[in-house]
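Fold and geometry: a report
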Amino acid sequence: MTAAAVTAFVLGDSGGPTAPRALTSDEANRLAVTRFLNYQAGGRAVTITVPNATGGLVITASVDYRTHTGYGVVRGTGRDTSSDGLIQWTATTVLVHPMADPPAVPPASPPASGWHSRPLQGSGMALDTSLGIALGLGSDRPENAALLPQNGAAWVGRDEVHGHRTDIMNGPDADTKAGSSDKTGASAKAGASPTVRYWIGSDGTMYRVQVGVASESQPVVFDFDDRAYVPVKPVPGATPAP
């Protein structure tokens, strides 16, 4: 599923576009705890869709929110297949294991060899921006629900994601200039725009996040689907990039 397909419309109860409105106290509370629930769960399975002019990348991954480590399979779409393979990343390092025909899901234990290490780029690279944001979608404490509406968070519609009814909310600072940060974790730093949108269930569960990236015309989409989370095991012998 492409980013364009999942973000074309924001639907209200009537099935049409809905103008933003202030969060209710219940909505603010759910937005405040959504990243904390990811952390409490230990990790989540996520599919990251990164658009670009040549087709884009789809990363089928698990993210460990206790160790801030992600691990998954990268597949290119369209003409963009040069990055195909396995990937593991932290806030500072990206490890890639090129494969001509990568599996649908990564092996539970990463291969012992064939990895290439590089620093995670802080700006100018949509993939690295997306990887960094994915790590930031878990937090060891809830946000201050009272401050979210004051900082620009808003309700913008309802939608169904993977069979779950969700409320769609803009994160705080969604209407401020680039360079600000979304206080719920997806930062405008590292090339991300300040427009961050969350699809959140009735209990605060995060089902989708959409983030504008400065270098791309379409947003990056993080889909938290019903695949079971597989604990992330480190690449044998890997050391952080300098």
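Thresholds applied
Residues numbered from 1 in each chain as written. Predicted model: local features only at pLDDT ≥ 70, side-chain atom pairs only at ≥ 80, totals over all residues. Heavy atoms only, no water. Helix = DSSP H or I, 4+ residues; strand = E, 2+ residues; numbered from the N terminus. Buried < 20%, exposed > 50% of the residue type's maximum accessible area, 1.4 Å probe, protein only. Contact = heavy atoms within 4.5 Å. Areas by Shrake-Rupley, 256 points an atom, 1.4 Å probe, with all protein chains shown as cover. Core = buried A, V, L, I, M, F, W, Y, C linked by side-chain atoms within 4.5 Å. Pairing = 2+ DSSP bridges. pLDDT = per-residue confidence, 0-100. Expected span 1.5 Å × (residues − 1). Bend = angle between axes of the 7 residues up to and from the residue.

For the rest of this paragraph, the subject is the overall build of the protein chain. A tally of regular secondary structure across the protein chain gives four helices and eleven strands. Counting only residues that meet the buried cut, the protein chain has 51% of its 242 residues in that class. For the protein chain, long-range pairs separated by at least 24 residues make up 57% of all intrachain contacts whose partners lie at least 6 apart in sequence. Only carbon and sulfur atoms are counted for the fraction: they give 55% of the accessible area of the protein chain, which is about 10,800 Å².

Tracing the backbone through its elements, the reader meets P234 in the segment after β11 (220-223). For P234, a relative accessible area of 63% gives the class exposed. Sequence separation of P234 and Y71 is 163 residues, and the distance between their C-alpha atoms is 8.6 Å. Each residue touching P234, except ones within four places of it in the same chain, is listed here: Q88 and P110.

Turning to the nonpolar core, a few remarks are in order. Among the nonpolar cores identified, the biggest contains 39 residues, and I48, W89, V209 and F222 are the most heavily contacted of them. One finds Y71, V73, L86 and L95 within the second-largest nonpolar core, a separate group that totals seven residues.

This part covers the pairing of strand β10 (residues 206-213). With eight of eight residues buried, β10 lies mostly within the body of the structure. With four bridges joining them, β10 and β11 adopt antiparallel strand pairing. Considered in β11, the bridge of R208 is made with D223. The antiparallel hairpin formed by β10 and β11 contains six residues in its connecting segment.

Here the focus is the pairing of strand β5 (residues 93-98). Here strand β4 (residues 85-89) pairs with β5 via five bridges, running antiparallel. From the neighbouring strand, G85 faces β5, where its bridge partner is P98. Two successive antiparallel strands, β4 and β5, enclose a turn made up of three residues. Of the pairings in the sheet, the one linking β5 to strand β6 (residues 116-119) comprises four bridges and is antiparallel in character. Note that in β6 the partner of L95 across the bridge is S117.

Attention shifts here to the confidence of the model for the protein chain. Averaged over all residues, the pLDDT of the protein chain equals 84, while 81% of them reach at least 70. Ranking the elements of the protein chain by mean pLDDT puts helix α1 (residues 3-7) last with 35 and helix α2 (residues 25-40) first with 98. Within the model, the stretch residues 1-17 combines pLDDT values under 50 with 33 contacts to residues more than four positions away or in other chains. Across residues 174-181, confidence stays below pLDDT 50; counting only partners more than four residues off in sequence or on other chains, it has 13 contacts.

On to α2. Over its 16 residues, α2 extends 22 Å from the first C-alpha to the last, a length consistent with the 22 Å expected when each residue adds 1.5 Å. At T34, α2 shows its strongest bend, of approximately 40°. Among all positions of α2, only E27, A28, R30, L31, A32, T34, R35, F36 and N38 are buried. Following α2 by one or two positions, G42 has its phi on the positive side, about 90°.

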